Structures are given as C-alpha cells and as structure tokens.
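Here are the chains, one letter per residue:
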Amino acid sequence: DETLKRKTLDLLYKMTNPANVKEITSRLISYLRTVSNEFIKADLVAKLTQLAERFSPDNQWFIETMNSIFEIGGNLVRREVSHNLMRLIAEGTEDDEIDKELRNNAVLSYLELLDKPHLPDILIKIICWVVGEYAYVAEDIEMEDIIEKITGLMNNEYEDPQTRSCVINAITRLVAQLGYLPDYVHSQVALNLTSVDTDVQQRCSELLELSESLQLMQNVLPLDSSCEDLEVDSSLSFLDSFV
C-alpha cells in the first residue's frame with residue numbers, strides 16, 4: 001500500500017538522528033533503488049539529501065552517500081546540492097593529510113563509478129570537476145589511465161549539452177597535469193571542433209591551442225586552484241597604457 005509506505009518513510013525521516021543516520025539512510029537508499037513512482041522517488045531523494053547534510057558523521061561518509069543518491073536520483077537532486085558537495089571536497093578541513101586522503105578517495109570512487117553503463121548528467125558533471133581538479137593526488141592509478149577514462153565520456157550522449165563541456169574542461173585540466181596531449185585525446189577533441197554546440201567548439205579549440213604551449217597551459221591551470229582568492233586591481237592600472 002503506497003500510503004503506508006509513505007507514512008513509514010516519513011516516520012524514519014523524523015526519527016533520524018546522529019546516532020542512527022548511517023543505518024536509516026542505508027535502508028532508505030536500498031528502498032530508493034526499487035521505487036518507480038516519480039513523486040515518491042523525488043520526495044525520498046529530498047529527504048535523504050536533507051538527512052545527509054544535517055547528520056553526516058564525517059566527510060567521507062557524506063561523499064559516498066551523496067554519490068549513491070546522485071546515481072539513483074539523478075536530476076531529481078537539487079543543483080545546489082552538487083555545488084555543496086564539490087565545495088566540501090575543495091575546501092576540505094584545513095588538515096593537509098586528511099584533505100589529501102579525502103580527495104584521493106573521492107577521485108578513486110568516481111573513476112570506479114565510470115565503469116557503470118549509465119550515469120545521470122549531474123553526476124557526470126561532479127565526476128568531471130573532481131577528477132579534473134584532483135586526479136594528481138590519486139596514488140593507485142596512472143594519470144594516463146585517468147585521462148583515457150574521462151576522454152571516453154566524449155562518446156556518450158547527454159541530456160544537458162553543458163555536460164559535454166564539463167567533460168572537455170576535465171580533459172583540459174588533466175592534460176595540464178599529464179604534461180602532454182596524447183594522440184587519442186587530440187583525435188577525440190578534434191572531432192568536436194565541428195560540433196553544433198558552439199560552447200563545445202570553443203572549449204575544444206582552447207584545449208588544442210593551450211596544448212601547443214604546455215608551460216602556458218600549466219600556468220593558466222595550476223594545481224588545486226579552485227579555492228584561491230583572486231586579486232583584483234581596483235585601480236584598473238592595466239588600462240593605463242590605453243587611456
């Protein structure tokens with residue numbers, strides 16, 4: 001009976017606390033995998049997201065839990081939730097060793113997810129951003145293997161045109177980390193220079209241009225720069241020679 005199921009879900013949601021959040025979210029995620037009713041699914045995704053954000057015992061658990069929710073719930077998950085997840089990985093804890101381990105585990109878990117046949121666009125975007133930013137901290141996989149996996153995403157079809165642009169962004173950052181542009185990556189990117197999507201064209205063109213000068217590419221795309229503060233010249237002195 002659907003009414004009884006919804007009442008049970010509401011009860012579990014209301015009784016969740018820091019002591020039982022792992023057990024309850026695990027059960028709710030297992031149930032989410034079986035739900036076909038879109039209304040119930042959306043409601044459950046929202047509840048799971050709120051529980052994870054409110055009662056998360058640690059960052060690693062939060063990332064793993066949200067990965068499952070994104071994988072199953074897809075675009076039912078609010079966009080700001082993905083931004084919060086990426087910000088958590090980027091900002092870390094201010095403990096370098098803990099942050100390195102967190103990012104290493106995140107990269108490895110996302111690369112493992114790419115072995116699955118179909119992932120929602122929102123999760124592909126998260127994977128591309130995290131892997132593009134932090135592939136260099138992954139200790140158990142070669143950079144060449146990482147860039148090959150991400151480049152393989154260019155062959156997929158996406159609901160959101162921006163997803164392919166996210167893939168190209170990740171490839172660009174990975175090429176900067178790798179130090180050279182592999183031939184198979186060049187071929188795949190060149191194929192998209194004639195894409196009907198002008199943003200994809202532009203990003204592919206920029207990648208190929210930057211790869212002509214890898215030193216410049218690495219200066220433009222430094223490691224772990226996502227949270228760096230920008231220095232703004234309020235006097236606009238760079239215009240002095242023009243006006």
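Basis of the calculations
Residues numbered from 1 in each chain as written. Predicted model: local features only at pLDDT ≥ 70, side-chain atom pairs only at ≥ 80, totals over all residues. Heavy atoms only, no water. Salt bridge = Lys/Arg side-chain N within 4 Å of Asp/Glu carboxyl O. Helix = DSSP H or I, 4+ residues; strand = E, 2+ residues; numbered from the N terminus. pLDDT = per-residue confidence, 0-100. 1 Å grid on protein atoms, 1.4 Å probe; cavity = no way out; pocket = protein on both sides within 12 Å on 5 of 7 lines; lining within 4 Å. Points joined across faces, edges and corners; volume = space filled by probe spheres on them. Nonpolar A, V, L, I, M, F, W, Y, C, P; charged D, E, K, R; others polar. Disulfide = S-S within 2.5 Å. Buried < 20%, exposed > 50% of the residue type's maximum accessible area, 1.4 Å probe, protein only. Patch = residues over 30% accessible without salt bridge, like charges linked within 9 Å, V, L, I, M, F, W, Y side chains within 5 Å. Areas by Shrake-Rupley, 256 points an atom, 1.4 Å probe, with all protein chains shown as cover. Lys, Arg positive; Asp, Glu negative; His and termini not counted. Charge placed at Lys NZ, Arg CZ, Asp CG, Glu CD. Phe/Tyr/Trp six-rings, centres within 6.5 Å; stacked < 30°, edge-to-face > 60°. Lys NZ or Arg CZ within 6 Å of the ring centre and 35° of its normal.

Asks: Break down the pattern of salt bridges for me, with residues and values.
Replies: Applying the stated criterion to the full structure yields 9 salt bridges. Of the charged contacts in the structure, one is a salt bridge between D43 and K47, with a shortest N-O distance of 2.9 Å. Within this pair, D43 and its partner K47 are both found in helix 3 (residues 38-55), separated by 4 residues, close to a single helical turn. As a salt-bridge pair, D115 and K149 come within 2.9 Å of each other at their nearest N and O atoms. One end of the pair, D115, is in the loop between helix 6 (96-113) and helix 7 (121-134); the other, K149, is in helix 8 (residues 143-152), with 34 residues separating them in the sequence. Linked by salt bridges that have partners in common, D10, D43 and K47 make up one network.

Asks: Pulling in residues and values, what's your account of the confidence of the model for the protein chain?
Replies: With 91% of its residues at a pLDDT of 70 or more, the protein chain has an overall mean of 88. Across the protein chain, the secondary-structure element scoring lowest on mean pLDDT is helix 12 (residues 214-220), at 83, and the one scoring highest is helix 7, at 95.

Asks: Describe the layout of surface pockets, and please don't skip the residues or the numbers.
Replies: A volume near 610 Å³ is recorded for the largest pocket. Taken together, 26 residues make up the lining of the largest pocket; nearest its centre are K125, W129, Q162, C166 and N169. Every element with two or more residues in the lining of the largest pocket is listed here: helix 5 (79-91), helix 7, helix 9 (161-178) and helix 11 (198-210). Across the lining of the largest pocket, the residue classes break down as 11 nonpolar, 7 polar and 8 charged.

Asks: Would you mind going over the state of the cysteines in detail, with residue names and values included?
Replies: Every disulfide links exactly two cysteines, by a covalent bond between their sulfur atoms. Counting across every chain of the model gives 0 disulfides. We note that C128 lacks a disulfide partner, and the nearest cysteine sulfur, in C166, lies 6.5 Å from it. Take C128: its relative accessible area is 2%, and that puts it in the buried class. Free of any disulfide, C204 has its nearest cysteine sulfur in C166, 13 Å distant.

Asks: Could you give me a rundown of a negative patch on the surface, with the residues and numbers involved?
Replies: Among the surface-exposed residues, D95, D96, E97 and E101 lie close enough to one another that they form a single negatively charged patch. By secondary structure assignment, the location of E101 is in helix 6.

Asks: Talk me through the packing of aromatic side chains; I want residue IDs and the actual numbers.
Replies: Under the counting rule described, the total for this entry stands at 2 aromatic pairs. Here W129 and Y134 contribute two aromatic rings whose centre-to-centre distance is 6.0 Å and whose plane-to-plane angle is 75°, an arrangement assigned as edge-to-face. Owing to a relative accessible area of 0%, Y134 belongs among the buried residues under this scheme. For the pair Y134 and Y136, a centre-to-centre distance of 6.5 Å together with 40° between the ring planes defines the contact as tilted. Judged by relative accessible area, Y136 falls into the partly exposed class, the value being 30%. Cluster of aromatic residues (ring-pair linked, three or more members): W129, Y134 and Y136. One cation-aromatic arrangement involves K47 over Y13; the distance from NZ or CZ to the ring centre is 5.4 Å.

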